Amino acid sequence: MKPKKKTLNDLGGIMYSTDPSFTYEDENAEPAEALANNQQNLRVMLDKKNRGGKAVTLVTGFVGSDEELEKLSKMLKTKCGVGGASKDGEILIQGDFRDKVLLLLQKEGFKVKKSGG
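Described in the following lines is the structure provided in the data block. (Residues numbered from 1 in each chain as written. Predicted model: local features only at pLDDT ≥ 70, side-chain atom pairs only at ≥ 80, totals over all residues. Heavy atoms only, no water.)

1. A word on the pattern of salt bridges
And step 1. A full pass over the atoms with the stated rule returns 3 salt bridges.
And step 2. Measuring nitrogen to oxygen at the nearest pair gives 2.9 Å for the salt bridge that ties Arg-51 to Asp-47.
And step 3. Note on Asp-47: relative accessible area 15%, which makes it buried.
And step 4. A salt bridge links Arg-98 to Asp-96; its shortest N-O distance comes to 3.0 Å.
And step 5. Assessed through its relative accessible area of 17%, Arg-98 is described here as buried. (Salt bridge = Lys/Arg side-chain N within 4 Å of Asp/Glu carboxyl O. Buried < 20%, exposed > 50% of the residue type's maximum accessible area, 1.4 Å probe, protein only.)

2. Looking at the pairing of strand β3 (residues 84-87)
And step 1. Pairing geometry for β3 and strand β4 (residues 90-94), over 4 bridges, is antiparallel. Its bridge partner being in β4, Lys-87 is matched across the sheet by Glu-90.
And step 2. Between β3 and β4, which pair antiparallel one after the other, the connecting turn spans 2 residues, and Asp-88 there sits at a positive phi close to 55 degrees. (Pairing = 2+ DSSP bridges. Helix = DSSP H or I, 4+ residues; strand = E, 2+ residues; numbered from the N terminus.)

3. Description of helix α2 (residues 98-107)
And step 1. Restricting attention to buried positions, one finds in α2 the residues Arg-98, Val-101, Leu-102, Leu-104 and Leu-105. Axial view of α2: buried residues confined to an arc of 170 degrees, hence all on one face. In α2, the exposed positions angled more than 90 degrees off the buried face are occupied by Leu-103 and Lys-107.
And step 2. The inward-facing, buried residues of α2 contact β1 (41-47), β2 (56-60), α1 (66-80), β4 and β5 (111-114).
And step 3. Count one or two residues on from α2 and you reach Gly-109, which has phi positive near 100 degrees. (Arc of directions from axis to C-beta. Contact = heavy atoms within 4.5 Å.)

4. So, α1
And step 1. A rise of 1.5 Å per residue sets the reference length of α1, with its 15 residues, at 21 Å; its end C-alpha atoms lie 21 Å apart and thus fit the reference within 8%.
And step 2. Of the positions making up α1, those classed as buried are Leu-69, Leu-72, Ser-73, Leu-76, Lys-77 and Cys-80. Across the axial projection of α1, the buried residues extend over an arc of 135 degrees, all falling on one side. In α1, the exposed positions that point more than 90 degrees away from the buried face belong to Glu-67, Lys-71, Lys-74 and Thr-78.
And step 3. In this fold, the buried residues of α1 make contact with β3, β4 and α2.
And step 4. Count one or two residues on from α1 and you reach Gly-81, which has phi positive near 75 degrees. (Expected span 1.5 Å × (residues − 1).)

5. A word on the environment of Lys-48
And step 1. With respect to the helices, strands and loops of the structure, Lys-48 is situated in the loop between β1 and β2.
And step 2. Not counting the four nearest positions on each side in its chain, Lys-48 is found in contact with Gly-53, Lys-54 and Ala-55.

6. Topic: the side chain of Thr-60
And step 1. Looking at the secondary structure, you find Thr-60 in strand β2.
And step 2. Apart from residues lying up to four places away in sequence, Thr-60 is in contact with Asn-41, Leu-42, Arg-43, Met-45, Gly-89 and Glu-90.

Next comes the structure, spelled out in structure tokens:
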């Protein structure tokens, strides 16, 4: 069977604009409402994929604003004494700090589970 050709409707009606002040608004995107700490379901795991073999503690499942995510990330990085990053609802902590991050998040009142190996 021959594959169907893509049309503009398949792409969501996005077209090229030369207007420098144009911003695309996604109708499906809803602003993330901040949940209370005890309602957050966070997962703490160790990740080595696409990082050159370096271990990274990954915290996923955070629902809230970018400012709150950055605040939580800064607290975890400070307590662990390492660097890291936060984006797209995920917090990356350099190194294997799963147990320490798990305890710190539980003290803050989050529902946390250790996942992965």
